[in-house]
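Now for the letters of each chain:
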Amino acid sequence: MQGNEDGTRLRYRLTLASGMLECLCFAGVVFGYASLVFVLKEEDYFSKLCVSVQDINGTLTGKDCSHQDEQFSLVFTIASFLNNFLNIVNGYLFDRCGTMVTRLLGISLYTTGTLLVAFSSATFSELLFPALSCIAVGGILLLLTNMQVGNLFAAHRSTIITLYNGAFDSSSAVFLIIKVLYEQGVSLHSSFFVLSFCSIIHLLRTFLLMPRAHIPYPLPQYYTYGLNCGKANTYNVEQFERMRDGGMTVSQESNGRDNTPPAPEDGTAAQDSEKVASFRSCVLSWFFLWHVLWLSIMQLRHYLFIGTLNPMLNRLANDDPNLVSQYTNAFAMTQLCGVLCAPWNGLIMDRHKGKPLAPGETEQEADLRSSCLSLFLTSLQCLLFSVCASVPVLPLQYLTFVLQVLNRSFLYGGNAAFISIAFPACHFGKLFGVVMSVSAVISLLQYPCFALVRGALGGDPFFVDIALTILTLLVFIHPIYIFTHCRKLARHREDNTQNVSYSSRLSEAKL
């Protein structure tokens, strides 16, 4: 038995480590798009959109490539939109069909995207549209299936979820590596052929180190998965999750809209699956609505910054290609730090683990209470990042890059961790998908913002940046709402305790 337990723990650790590498090297590469654009421009992609500029004497003074920049921005806008919007389908697929089916779809899309880039050229620049979209959607599917690995390590669940999201952000540095290799003579197409070949690794991990269905939470004893898992460890995971979620008697309607304190758990509740909050009540709760607003505003700010980084650097550097390359490399290098920043958010959310709960407090309430600080810090980081990005001073952009990667690593890890805390696990995939899909629709505003800057504002994004900074103030509503909700629950528990104590003393007096 001890040997089986050791083997199971080894499998857990291998799953954790391999998932980390998968997220770090592949899942979020599309967000290193600024580095890829530099290479694509060198390869003359969309170069036919550049027009010659003449002075009043008819002398050529240079080229106007604003339409080329707009096309590159459109590629990223569509890819980032589909990356999030299709999560409503991805989440349903993951909840309904399980891990293996979801991963096989993700691997297929990812491989298709990398092959399309490998076979593209300046003549067929339009292949970038389906290619980057497939890479983005395939990568988010890999992340979605990996986040459940946190269930294997209950005491560090939020930390692992945020760590994987940080690795997802840091994987954008892969396009920096491709840029550096390109400058050393390695062709763009060779690099993407290598990425395509690596899909074999994803397939092996799918069959050897990932479950066919889902990883339950809390984890049953000796739970295992993958090949040769043995019949003794096989059971209905979905039934286990429904029974477990039955113990979460918190109705999301009362949790989110009415702020009515949840009823205490008892043995009967664990058997009553009807008490699990419905998907509809979760979506219509104030918890969920404020969370969507929180994510959408900050994501729009990040997407607009990434999508317009190259033209912004060109404008501030007076079109000096060496200076633009230097700052592009600096931005990509900071993205590597996402994997180092994200776990701090998880540690903040898991800081109460192992400590005794307050009298009458459930574990879910304790998790919510710990999430307040994380949500507030993420909101504050975004505000500071937006302010720095609005100042048109080139050296200041180094600080902007640091704040951007710090905030981004907190944002997506905190998003997934909060959904896993505030809502039943049986709805995680669907709720994660809805949040990302709604935020994707809002992120489409980045393209009209870019068009406004290029057109009416003459290439100066200052007023758009100021407007987005003011809009960012709305994200503080979410942590304030969670904080006041937790305070009301604490006061309610205290009142109940006092009432029970008073009733007890009154009964003793009568006796």
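### As for the overall build of the protein chain
Next up, step 1: Secondary structure summary: the protein chain contains 23 helices and two strands in total.
Next up, step 2: Within the protein chain, the proportion of its 511 residues that are buried is 54%.
Next up, step 3: Taken as a whole, the protein chain presents about 21900 Å² of accessible surface, with 66% of it coming from carbon and sulfur.

### Observations regarding the state of the cysteines
Next up, step 1: All chains considered together, the criterion is met by zero disulfides.
Next up, step 2: Here cysteine 198 stays unpaired: no disulfide links it, and the sulfur of cysteine 25, its closest cysteine neighbor, is 8.3 Å away.
Next up, step 3: Left without a disulfide partner, cysteine 486 is nearest to the cysteine sulfur of cysteine 372, which lies 4.3 Å away.

### Re the packing of helix H14 (residues 286-307) against helix H22 (residues 462-472)
Next up, step 1: One can describe the packing of H14 onto H22 by two numbers: an axis separation of 9 Å at closest approach and a directional angle of 155°. The angle between H14 and H22 places the two elements in the roughly antiparallel class. The crossing of H14 and H22 is left-handed. Where H14 approaches H22, its residues Ile297, Leu300, Arg301 and Leu304 are matched on the opposing element by Val464, Asp465, Leu468, Leu471 and Thr472.
Next up, step 2: Here the residues of the contact of H14 with H22 sort into six nonpolar, one polar and two charged.

### Things to note about helix H2 (residues 33-42)
Next up, step 1: Extensive coverage of H2 is indicated by the burial of eight of its ten residues.
Next up, step 2: Summarising the contacts, the buried residues of H2 are in contact with helix H3 (66-85), helix H6 (128-146), helix H8 (173-183), helix H9 (188-197), helix H15 (309-316) and helix H16 (321-335).
Next up, step 3: Just beyond H2, the residue with positive phi is aspartate 44, at close to 70°.

### Quick look at the nonpolar core
Next up, step 1: With 104 residues, the main nonpolar core has Leu132, Phe192 and Phe423 as its most contacted residues.
Next up, step 2: Ranked by size, the runner-up nonpolar core spans six residues in total, among them Leu300, Leu304, Cys449 and Leu468.

### Here we look at the pattern of salt bridges
Next up, step 1: Taken as a whole and assessed by the stated rule, the structure comprises seven salt bridges.
Next up, step 2: Each member of the salt-bridge network shares a partner with another, and the members are Glu22, Arg103 and Arg205.

### Comments concerning unusual backbone geometry
Next up, step 1: One non-glycine residue, asparagine 318, lies in positive phi territory at about 55°.
Next up, step 2: Residue placement: asparagine 318 occurs in the loop between H15 and H16.
Next up, step 3: The exposure class of asparagine 318 is exposed, given its relative accessible area of 66%.

### Regarding the confidence of the model for the protein chain
Next up, step 1: Per-residue confidence for the protein chain averages 81 on the pLDDT scale, and 84% of its residues sit at or above 70.
Next up, step 2: When the elements of the protein chain are averaged for pLDDT, helix H12 (residues 252-258) gives the smallest value, 42, and helix H5 (residues 99-119) the largest, 95.
Next up, step 3: Counting contacts from residues 230-238, a segment whose pLDDT is below 50, to residues more than four positions away or on other chains yields eleven contacts.
Next up, step 4: Confidence drops under a pLDDT of 50 for residues 243-274, and excluding neighbours within four residues, the segment shows 68 contacts in the predicted structure.

### Section: helix H7 (residues 157-170)
Next up, step 1: Helix length check: H7 (14 residues) gives 20 Å between terminal C-alpha atoms against 20 Å at 1.5 Å per residue, within 8%.
Next up, step 2: Within H7, 13 of the 14 residues are buried, leaving the element largely enclosed by the surrounding structure.

### A few points about the packing of aromatic side chains
We describe a pair of aromatic rings using the distance from one ring centre to the other and the angle between the two ring planes.
Next up, step 1: Tallied over the full model, the rule gives 27 aromatic pairs.
Next up, step 2: Ring geometry for phenylalanine 462 and phenylalanine 463: centres 5.6 Å apart, planes at 75°, overall edge-to-face.
Next up, step 3: Residue classification places phenylalanine 463 among the exposed residues on the basis of a relative accessible area of 57%.
Next up, step 4: Ring pairs connect the aromatic residues Phe305, Tyr327, Phe331, Phe385, Tyr398 and Phe401, which therefore count as one cluster.
Next up, step 5: Lying across the ring of phenylalanine 279, lysine 430 places its NZ or CZ 6.0 Å from the centre.

### Structural notes on the packing of H8 against H9
Next up, step 1: Interhelical geometry of H8 versus H9 gives an angle of 140° and a closest axis separation of 9 Å. The angle between the axes of H8 and H9 places the two elements in the oblique class. As for the relative orientation of H8 and H9, their crossing is right-handed in sense. Each of Val174, Phe175, Ile178, Leu181 and Tyr182 in H8 lies in contact with H9, whose residues at this interface are Leu188, Ser191, Phe192 and Leu195.
Next up, step 2: For the contact of H8 with H9, the residue count by class is eight nonpolar, one polar and no charged.

About the criteria used
Residues numbered from 1 in each chain as written. Predicted model: local features only at pLDDT ≥ 70, side-chain atom pairs only at ≥ 80, totals over all residues. Heavy atoms only, no water. Helix = DSSP H or I, 4+ residues; strand = E, 2+ residues; numbered from the N terminus. Buried < 20%, exposed > 50% of the residue type's maximum accessible area, 1.4 Å probe, protein only. Areas by Shrake-Rupley, 256 points an atom, 1.4 Å probe, with all protein chains shown as cover. Disulfide = S-S within 2.5 Å. Axes fitted to C-alpha atoms, helices over the stretch in contact; angles between N-to-C directions. Parallel < 35°, antiparallel > 145°, perpendicular 65-115°, else oblique. Left-handed = near helix turned anticlockwise from the far one by under 90°. Contact = heavy atoms within 4.5 Å. Nonpolar A, V, L, I, M, F, W, Y, C, P; charged D, E, K, R; others polar. Core = buried A, V, L, I, M, F, W, Y, C linked by side-chain atoms within 4.5 Å. Salt bridge = Lys/Arg side-chain N within 4 Å of Asp/Glu carboxyl O. pLDDT = per-residue confidence, 0-100. Expected span 1.5 Å × (residues − 1). Phe/Tyr/Trp six-rings, centres within 6.5 Å; stacked < 30°, edge-to-face > 60°. Lys NZ or Arg CZ within 6 Å of the ring centre and 35° of its normal.

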